[in-house]
Number of protein chains: 2
Amino acid sequence: MKIALSQFNAHVGHFGYNVSRMISSLESARKQGADLVVFSEMSVCGYPPKDLLETDEFIQKCLEGLVEVATHCQDIAAIVGSPSLNKEGRGKRLYNSAFFLYGGKVRQVYNKALLPTYDVFEEYRYFEPATNFRVVAFKGKKIALTVCEDIWNLDNFALYPSTPMDILIKQEPDLMINIGASPFAWSRVEERMEVFTENARKYQLPLFYVNQLGGQTDLIFDGGSCVINSKGKLVGSLGYFKEDLRIFDLQDVEKQQGLPVSPLNGEEEKNSLLYDALVMGVRDYFRKSGIKKAILGLSGGLDSALTLVIASEALGRENLWAVLLPGPFSSDHSVKDAVQLADNLGVKYDELSINEVVSSFEDSLKPFFKDLPPDIAEENIQARARAAMLMGLSNKFGHMLLNTSNKSEAAVGYGTLYGDMCGGLSVIGDLYKTEVFSLARYINREQEIIPENTLEKPPSAELKADQKDADALPEYHILDPILFQYIEKKMSPQQIVEDGNEAALVEKIIRLVDGSEFKRHQSPPVLRVSQKGFGAGRKLPLVAKFPSSWK
Amino acid sequence: MKIALSQFNAHVGHFGYNVSRMISSLESARKQGADLVVFSEMSVCGYPPKDLLETDEFIQKCLEGLVEVATHCQDIAAIVGSPSLNKEGRGKRLYNSAFFLYGGKVRQVYNKALLPTYDVFEEYRYFEPATNFRVVAFKGKKIALTVCEDIWNLDNFALYPSTPMDILIKQEPDLMINIGASPFAWSRVEERMEVFTENARKYQLPLFYVNQLGGQTDLIFDGGSCVINSKGKLVGSLGYFKEDLRIFDLQDVEKQQGLPVSPLNGEEEKNSLLYDALVMGVRDYFRKSGIKKAILGLSGGLDSALTLVIASEALGRENLWAVLLPGPFSSDHSVKDAVQLADNLGVKYDELSINEVVSSFEDSLKPFFKDLPPDIAEENIQARARAAMLMGLSNKFGHMLLNTSNKSEAAVGYGTLYGDMCGGLSVIGDLYKTEVFSLARYINREQEIIPENTLEKPPSAELKADQKDADALPEYHILDPILFQYIEKKMSPQQIVEDGNEAALVEKIIRLVDGSEFKRHQSPPVLRVSQKGFGAGRKLPLVAKFPSSWK
């Protein structure tokens, strides 16, 4: 049996596009002699559709799309992901299903059992978990068909009381097919491959996996569809961050020795994945929004530099507009470094001073501020003047403003709400500052794209005289590991101190993180590339008093 | 048996406070001869704790708090809500539990079975659903103890495959106790009482219900704890939006005829509930944030007027600062009406023109805008100038900025991101404009607090000459019902048209709603008072293409 894996860039709710892409994959696979084409989870509607699932019309469109794909499955079979209606009269209204299409119609429906409801996943919001399972018989083979999370309930991660494969294996299947919509996080790429190998070994069956591809708002689906033989060795992969269709012969798969699943090859491979992920995230956010052009404030600092490089790759340099907005405390090198970068990339730039606007704010507020010493209020006015300038240009000329905040500053609230926290999309908001440095060095690995001075000079917001980030915050190589322990690892302050960090410093940092939850609540969507990004995957009350001893 | 119901204003994560409030309730109930005191769901930690539940430290504090409460339960029993650890080794890490405390220790634990995971609820994110249930035996009576949603799975709302009370009833209980954390929505108050009566009648048992009280970020818990006898009649209630402790004798409850559960008594009762809810929501958001003072821009229009009235009641007029920010297109009556309102309320106000700042923005942007005709860009600059002024004052003097947007304008995106959409809290963002009018009339029912001219004049953003909301939007009495059908009722455009609305108008409105999802993504938390507010309870992709035929 020849099985085609098709990973394509689905667009949530764009049924016409998704269905036509599946039909063209079926045509192409048929020509190459495939018996079956496998598409990803929710391939008919894109994933995650979120509350669109709650409207009758959306479900109707899914089912119509399935019927249309089925008409192209006369002599070739397809596995297509779609929501389906729960007709039991009790429980949630929908299932998350894999449809087996053949002979022009739906032959069998498998419903997902394990519904991830943690981090960015909210499947139990919509779906009823299935409790009985039947293999799909096709061309003399029995297929154990599952959906994404269904194969993730291994002994070391037993988040669910039971495991569908433990039931399906009793029906003596010949192979496993899993359709997924597993979003990218750099640390999950390895983990995912390990889960596949464990499954293949545990059940002694080859595993065919198809993942969704493409950016959907904050989530980036990396593809990485692959085939693992029953020895747990990698036989083939469709690669990351690109559309692909590949055909595998079931017999060959089992004959092939395959390759061991290898861990990430250090910092360079991580950066390569991060770069491709963020480029795809930006590109798809714009394309799927129907917007071509982006604007951003280029400060001469590293964050806006990295954002510009990524956006320029994603959207084309001709679609970028960099605006330099020097203010009363901007240094000479700010403008110089920014111009150098724009020139290196061939991106259009303009300079627009905020000084006049800042003065008029200060004049207008003078009757209230009187002779009070300048403080955060005056600093924020500069950041908000910049934001209003950029939004003015954005509104006038139809460019989307890119946010340039990094994860370290978003974490500790070192940014101005309605100022530098503005934008339609946060591009690098899931990269700690140390990761920003590392990715910038990776980008410069062959030639200097980001000016060396931008990389070398001490980070500064330049909102008061001689300001440095390090005046207010610990150095990033100290700050970031503590943030990682608190945010990603969910360690308590006490545990972080016991791990060898200074108590007063840990307390200071965690107070900042907790105290700036209200700012992050109003931030743009952040492209998620880590196991715990800010946004939908991290939900905290804004008025909690915890750790209560501190406030 | 004498049962005390205690509804108190818990604060998420503030263990010291919550525990001490429970201990003082126990003392008070003991003096009045109670055998048992019932507290709400998650009373030890407050609800909803959200991802704080994911840290070990938080769970530890919950369990320590329970032990402390238990030491005060020597000769009196208590039912306390808390998360508890799932020790099965499979499934989610926690249960949502009701602890029965007596004789100084935990006697029995009931785990919640039905975990609401829809709208603002995300319980399956954290908790494993329980599957077996045992009544609590106490002083010769058997108590069927359940947690909130557990009694909501009635035949007309069968969201779950099974119902705990159907199992518990076989153990022949004498009464039902349900502890809840059921947030306010004006349309839910009646529904909740109907669910209670249905349960009492179905199982022919009296029901004792305790609900959480108080604002927790966007959610407002109204209390409304009550006792229903086995005939489904209301025997007593602790009232809405206030702390209370009341003692009921089980025998008396069954002897009393009680009152039928009555529906809301029209618009006035709805407005009375809305007003109390919003006042509590504002008050608790500030108190639980540790912030005393609020600032807001007072435009002379109705939205900021209503916001000021509510905030003034919630925080005290001495803690409010109203700032009038007239701009190039502000009418004379704007300032006059705003001053009149501030005077009526006795709230401090100041006037601060944005003209100079707006001019400096326009001058600075002139090299780019050239002679292009003024459009939304110039309008937004005015709104953003106001926001930056208000935030400057907020930053300098430590007042929290109140957002004054209503639900109609938030729905159609008729507001400026980083402009009038700014603020730490959206006070009336879950009221459609027609509801804003109705609530304002209610406030003026005995004397003119909001100036009549504010109520009478046509709504306008005053961002260009002679602008009226009605130039860009349908009249609110036409707009709001369509929004309600789309947002609350989740009707498709086609269904709304079939309901008798003009197709072109429906399409225009729904395009605006869908197209402004990105703005709402960055809005402050909105006090939720309806069955479907913007925010955590309504999750939509920002780059979806649906309805796909339209874009």
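Cut-offs applied
In this convention, every chain numbers its residues from 1, walking through the sequence in written order. Note on labels: chains are lettered from A, ligands numbered from 1, in written order. Where totals are concerned, whole chains, interfaces and linings use all residues; where local detail is concerned, this predicted model gives features only for residues with pLDDT of at least 70, and gives and counts side-chain atom pairs only at 80 or more. Residue burial is a threshold on neighbouring C-beta atoms within 10 Å of the residue's own C-beta, all placed from the backbone, with 20 or more meaning buried, 12 or fewer meaning exposed, and counts in between meaning partly exposed. Under the scheme used here, helices are H or I runs from DSSP no shorter than 4 residues and strands are E runs no shorter than 2 residues, and both carry numbers assigned from the N terminus. A pair of strands is considered paired only if DSSP assigns at least 2 bridges between the two. Each axis is a line fitted through C-alpha atoms, and for a helix only the stretch in contact is used; angles between axes span 0 to 180 degrees, taken between their N-to-C directions. Contact between residues is assigned whenever the C-beta positions, reconstructed from backbone atoms, fall within 7 Å. Put simply, a nonpolar core is buried Ala, Val, Leu, Ile, Met, Phe, Trp, Tyr and Cys residues tied into one set by C-beta atoms within 7 Å. Just so you know how the angles are binned, under 35 degrees is roughly parallel, over 145 roughly antiparallel, 65 to 115 roughly perpendicular, and the rest oblique. By the definition used in this description, the sense in which the near helix is turned from the far one sets the handedness, with an anticlockwise turn below a right angle giving left-handed and a clockwise turn giving right-handed. Alignment of copies: least-squares fit on C-alpha atoms of residues with pLDDT of at least 70 in both copies. An automatic or database domain assignment is the source of the domain bounds shown. Residues are grouped as follows: Ala, Val, Leu, Ile, Met, Phe, Trp, Tyr, Cys and Pro are nonpolar; Asp, Glu, Lys and Arg are charged; all remaining types, including Gly, are polar. One less than the number of residues in a helix, times 1.5 Å, gives the span that helix is expected to have. To be clear, the arc concerns the directions from the helix axis to the C-beta atoms. pLDDT is a per-residue confidence score from the predictor, ranging from 0 to 100.

Draft legend 1. The arrangement of the pairing of strand β1 (residues 2-7) of chain A in detail. All names here are of chain A. By the criterion of burial, β1 is predominantly enclosed, with 5 of the 6 residues buried. Note: β1 against strand β14 (residues 244-249), 6 bridges, orientation antiparallel. Note that in β14 the partner of Ser-6 across the bridge is Leu-245. Here 3 bridges tie β1 to strand β2 (residues 36-38), and the two strands are oriented parallel to one another.

Draft legend 2. Quick look at the sheet that holds strand β2 (residues 36-38) of chain B. Residue and element names in this part refer to chain B. Reading across from one edge, β5-β4-β3-β2-β1-β14 is the order of the 6 strands in this open sheet, with mixed pairing throughout. Of all the strands in the sheet, the pair left with one neighbour each is β5 (105-111) and β14 (244-249). Strand-to-strand twist across the sheet, computed as the mean angle between neighbouring axes with direction ignored, equals 30 degrees. Pairing analysis gives 8 bridges linking strand β3 (residues 77-85) to strand β4 (residues 94-102), with the strands arranged antiparallel. Bridge pairing links Gly-81 to Ala-98 in β4. Those strands touched by helix α1 (residues 15-31) are β1 (2-7), β2, β3 and β14, and its axis lies near 40 degrees from that of β14. Strands in contact with helix α2 (residues 56-71) are β3, β4 and β5; relative to β3, the strand with the most contacts, it is inclined by about 165 degrees.

Draft legend 3. The arrangement of the nonpolar core in detail. In this structure, A:Val38, A:Ala78 and B:Val38 are the most contacted members of the largest nonpolar core, which totals 366 residues. Each residue touching A:Ala78, except ones within four places of it in the same chain, is listed here: A:Leu26, A:Leu36, A:Val37, A:Phe39, A:Val69, A:Cys73 and A:Leu101.

Draft legend 4. Layout of the packing of α1(B) against α2(B). All names here are of chain B. It is at 10 Å that the axes of α1 and α2 come closest, and there the two elements cross at 20 degrees. As judged from the angle between their axes, α1 and α2 are roughly parallel. Crossing angle aside, the handedness with which α1 passes α2 is right-handed. For the pair α1 and α2, contact is made by Phe-15, Asn-18, Val-19, Met-22 and Ile-23 and by Lys-61, Gly-65, Glu-68 and Val-69, respectively.

Draft legend 5. Region of interest: the relation of the copies chain A and chain B. Screw-axis analysis of chain A against chain B gives a translation of 0.0 Å along the axis, an RMSD of 0.0 Å, and a rotation angle of 180 degrees. Taken together, these values place the two copies in the relation of a two-fold axis. Residue A:Gln522 of chain A places its C-alpha closer to the rotation axis than any other residue of that unit, at 2.1 Å. When the interface residues of chain A are mapped onto chain B, 100% of them again lie at the interface, so the same face is used by both copies.

Draft legend 6. Main features of the domain arrangement of chain A. All names here are of chain A. As assigned here, chain A comprises domain 1 (2-253) and domain 2 (269-541). When each unit is reduced to the centre of its C-alpha atoms, the spacing between domain 1 and domain 2 is 37 Å. Contacts between domain 1 and domain 2 engage 20 residues on the former and 21 residues on the latter. Mapped by element, the contributors of at least two residues to the side of domain 1 that touches domain 2 are α4 (188-203), β10 (213-216) and β11 (219-222). Per-element tally for the side of domain 1 that touches domain 2: the top contributor is β11, with 3 residues.

Draft legend 7. Quick look at the interface of chain A and chain B. Across the contact, 80 residues belong to chain A and 80 residues belong to chain B. At the level of secondary structure, the elements contributing two or more residues to the side of chain A that touches chain B comprise α1 (15-31), α2 (56-71), α6 (266-289), α9 (355-369), α10 (376-397) and α18 (517-521) of chain A. Counting residues per element, the side of chain A that touches chain B draws most heavily on α10(A), at 13 residues. Its residues assigned to classes, the side of chain A that touches chain B shows 39 nonpolar, 23 polar and 18 charged.

Draft legend 8. Inspection of the sheet that holds strand β19 (residues 425-426) of chain A at higher detail. Residues and elements named next belong to chain A. Strand order in the open sheet formed by 5 strands is β17-β16-β15-β18-β19, with parallel pairing between adjacent strands. Only two strands of the sheet have a single partner each, and these edge strands are β17 (348-351) and β19. Examined bridge by bridge, strand β18 (residues 400-403) and β19 share 2 bridges and lie parallel to one another. Across the sheet, residue Leu-402 finds its bridge partner in β19, namely Leu-425. With respect to the sheet, helix α7 (residues 302-315) is in contact with β15 (294-297), β16 (320-324) and β18, its orientation differing from that of β15 by roughly 170 degrees.

Draft legend 9. Structural detail: the packing of helix α6 (residues 266-289) of chain B against helix α12 (residues 433-443) of chain B. Residue and element names in this part refer to chain B. Across the interface, α6 lies against α12 with an axial gap of 10 Å and an inter-helix angle of 90 degrees. With respect to α12, the axis of α6 lies roughly perpendicular. Two secondary-structure elements touch here, α6 through Glu-267, Glu-268, Asn-271, Leu-274 and Tyr-275 and α12 through Ser-438, Leu-439 and Tyr-442. Its residues placed into classes, the contact of α6 with α12 shows 4 nonpolar, 2 polar and 2 charged.

Draft legend 10. Representation of unusual backbone geometry within the structure. With an omega of 0 degrees, the peptide bond running from A:Tyr47 to A:Pro48 counts as cis. When you line up the elements, A:Pro48 lands in the loop between β2 and α2. Positive phi outside glycine occurs at B:Glu172, with the angle close to 55 degrees. When you line up the elements, B:Glu172 lands in the loop between α3 (164-168) and β8 (175-180). For B:Glu172, a count of 10 C-beta atoms within 10 Å translates into the label exposed. One non-glycine residue with positive phi stands out, namely B:Glu462, at about 50 degrees. Looking at the secondary structure, you find B:Glu462 in the loop between α13 (452-456) and α14 (469-472).

Draft legend 11. Structural context of α1(A). Residue and element names in this part refer to chain A. In this model, α1 (17 residues) spans 24 Å end to end at C-alpha, consistent with the 24 Å of a helix rising 1.5 Å per residue. Those residues of α1 that sit buried are Phe-15, Asn-18, Val-19, Met-22, Ser-25, Leu-26 and Ala-29. Seen from one end, α1 has its buried residues packed into an arc of 120 degrees, which puts them on one side. On its buried face, α1 is in contact with β1, β2, α2, β3 (77-85) and β14. One or two residues past the end of α1 sits Gly-33, with phi positive at roughly 85 degrees.

Draft legend 12. Geometry of the confidence of the model for chain A. Of all residues in chain A, 99% attain a pLDDT of 70 or more, and the chain-wide mean is 95. Scoring of the predicted complex yields 0.97 for pTM and 0.95 for ipTM.

Draft legend 13. Quick look at the environment of A:Lys142. All names here are of chain A. Its place among the elements puts Lys-142 in strand β7 (residues 141-147). Among the residues examined, Lys-142 registers 16 C-beta atoms within 10 Å and is labelled partly exposed. Taking the C-alpha atoms as reference points, Lys-142 and Leu-114, 28 residues apart in sequence, are found 22 Å from one another. Residue contacts for Lys-142: discarding those within four places in its chain leaves Val-135, Ala-137, Gln-171, Glu-172, Pro-173 and Asp-174.

Draft legend 14. Region of interest: the environment of B:Asp303. All names here are of chain B. Tracing the chain through its elements places Asp-303 in helix α7 (residues 302-315). For Asp-303, a count of 24 C-beta atoms within 10 Å puts it in the buried group. For the pair formed by Asp-303 and Ala-440, sequence separation is 137 residues and the distance between their alpha carbons is 9.3 Å. Residues within four places of Asp-303 in sequence aside, it is in contact with Thr-404, Ser-405, Asn-406, Ile-428 and Val-436.

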